[in-house]
Amino acid sequence: MINAWATQAIEKLDEERRRTGVTPLRELPLPEEWGVRLLLKDESAQPEGGLKLRLARALFRDAIAAGRIRADTTVVEATGGAMAAAQAYLARLLGLPYVAVMPKKASGADVERLGGTCRYVHPPLAIYDEARELAERLGGHYVDHYTAAASVDWHGDSLAEELFGQLGACPHWVVVGAGTGATSAALGRHLRGRGLPGRLAVADPENSAYFPGWAYDAADYSTGMPSRIEGVGRPRVEPAFAADVVDLVVPVPDAASVAAARRLRAAAGLAVGPASGTNLWGALELAARMRAEGVRGDVVAVIGEAHPRHLRACHDDAWAEGRGLDWRPHAARLADVLDGGAPW
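Residues numbered from 1 in each chain as written. Predicted model: local features only at pLDDT ≥ 70, side-chain atom pairs only at ≥ 80, totals over all residues. Heavy atoms only, no water.

Let us now look at the overall build of the protein chain. Of regular secondary structure, the protein chain possesses 13 helices and 10 strands. Expected size for 344 residues packed as a compact globule is a radius of gyration near 20 Å; at 20 Å, the protein chain falls within 12% of this value. Seen through its C-alpha atoms, the protein chain measures out along the principal axes to roughly 60 × 45 × 40 Å. Within the protein chain, residue pairs in contact and separated by at least 24 positions form 71% of the contacts whose partners lie at least 6 positions apart. When the accessible surface of the protein chain is summed, it comes to about 14,700 Å², and 49% of that surface belongs to carbon and sulfur atoms. In the protein chain, which carries 38 positive and 43 negative side-chain charges, the distance between the mean positions of the two groups comes to 2 Å. (Helix = DSSP H or I, 4+ residues; strand = E, 2+ residues; numbered from the N terminus. Rg over C-alpha atoms; globule rule 2.2 N^0.38 Å. Contact = heavy atoms within 4.5 Å. Areas by Shrake-Rupley, 256 points an atom, 1.4 Å probe, with all protein chains shown as cover. Lys, Arg positive; Asp, Glu negative; His and termini not counted. Charge placed at Lys NZ, Arg CZ, Asp CG, Glu CD.)

Put into structure tokens, the structure is as follows:
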């Protein structure tokens, strides 16, 4: 039987979700002659963690309901970035201690600001064993979101259900990145399960296994190289990624992700990270294909994690140059296509 603390904890998660409400759809204007409308599902309107908050909330809820997280449980995860911030935010909401195990070069400032603790490990791939062992020593719970995402129960909080409830008609394309793969799987299954005519595209950065894994139909594909774009791309195809409901995977150069993030900030005032740039570049490529083929309709791209910290990252010239990411040619291409009418 679920105990009183668990009941109250789940009620807090549900109330937090209701308080957040529905995240907005924003239009990014394209040239009128294209006959294509580009809509952005703006998950940056979520509290800490943005796009990652839905999955983190569902995983916490499942673990609480199953008794894996109790009133005195230390929650442990092997991750950094937005997922760590989302989990730290929820742990603070529930009064739980939280530890994020992350690579030595990562920044845990957001986790610590939210009351969590960071443990830095080298080499990067050692974070998973360290998190598992730490949870065992503390009698805590290792979330292991890459594995757990494959069987998550969204409890009516999936992005797919909310997005399609907002749209008046099914878009021609929905574009999303893949980290765990759980969000793309939910979107694809919603489209297929309801017989909707829209198609799902996954935008994938360099070094990621999702594009070659999808192209070769190899669920065990691995590149062995981490993505440089925080939040999307993986060195292996994760268990939650459902290749059979993905119509297209669009490979996106990392420097193009930076250029698109900067373009979005200039157009909409949102200091998004490069993962949103990855999705936007993929969406623009598909919109340009529709233009070339004379197809009219909507493209929806999922964006998230607009945060001032990105001003010191992908929106900062020194940061990009220090990582060998020359965004300028890609920014020029965007200007030629969107402002000058050139073909993609």
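The discussion continues.
At a closest axis distance of 9 Å, the pairing of helix α1 (residues 4-20) and helix α2 (residues 52-65) adopts a crossing angle of 165 degrees. One element, α1, and the other, α2, form an angle in the roughly antiparallel class. Remark: the crossing between α1 and α2 carries left-handed chirality. Contact with α1, carried on its side by Trp5, Ala6, Ala9, Ile10, Leu13, Asp14, Glu16, Arg17 and Thr20, involves Leu53, Arg57, Phe60, Arg61, Ile64 and Ala65 of α2 and no other residues of that element. Here the residues of the contact of α1 with α2 sort into nine nonpolar, one polar and five charged. (Axes fitted to C-alpha atoms, helices over the stretch in contact; angles between N-to-C directions. Parallel < 35°, antiparallel > 145°, perpendicular 65-115°, else oblique. Left-handed = near helix turned anticlockwise from the far one by under 90°. Nonpolar A, V, L, I, M, F, W, Y, C, P; charged D, E, K, R; others polar.)

Attention now moves to the pairing of strand β4 (residues 98-103). Of all six residues that make up β4, five are buried, and the element is covered over most of its length. Bridge count between strand β3 (residues 75-78) and β4: four bridges; the pairing is parallel. Looking at the pairing, Val76 lines up with Val99 of β4. Tracing the backbone out of β3, into helix α3 (residues 81-94) and back to the parallel element β4 gives a crossover that is right-handed. Inspection of the sheet shows β4 paired to strand β5 (residues 117-121) by five bridges, in the parallel sense. (Buried < 20%, exposed > 50% of the residue type's maximum accessible area, 1.4 Å probe, protein only. Pairing = 2+ DSSP bridges. Right-handed = clockwise from strand over helix to strand, strands pointing away.)

Here the focus is the pattern of salt bridges. Considering all chains together, one arrives at 28 salt bridges under this definition. Here Glu16 makes a salt bridge to Arg57, at a shortest N to O gap of 2.3 Å. Separated by 41 residues along the polypeptide, Glu16 in helix α1 and Arg57 in helix α2 bring together distant segments of the chain. Arg57 gets classed as buried once you look at its relative accessible area, which sits at 5%. As a salt-bridge pair, Arg57 and Asp157 come within 2.7 Å of each other at their nearest N and O atoms. Taken together, the positions of Arg57 in helix α2 and Asp157 in the loop between α6 (145-148) and α7 (159-166) put the pair 100 residues apart, joining distant regions of the chain. According to the relative accessible area criterion, Asp157 is buried, its value standing at 7%. (Salt bridge = Lys/Arg side-chain N within 4 Å of Asp/Glu carboxyl O.)

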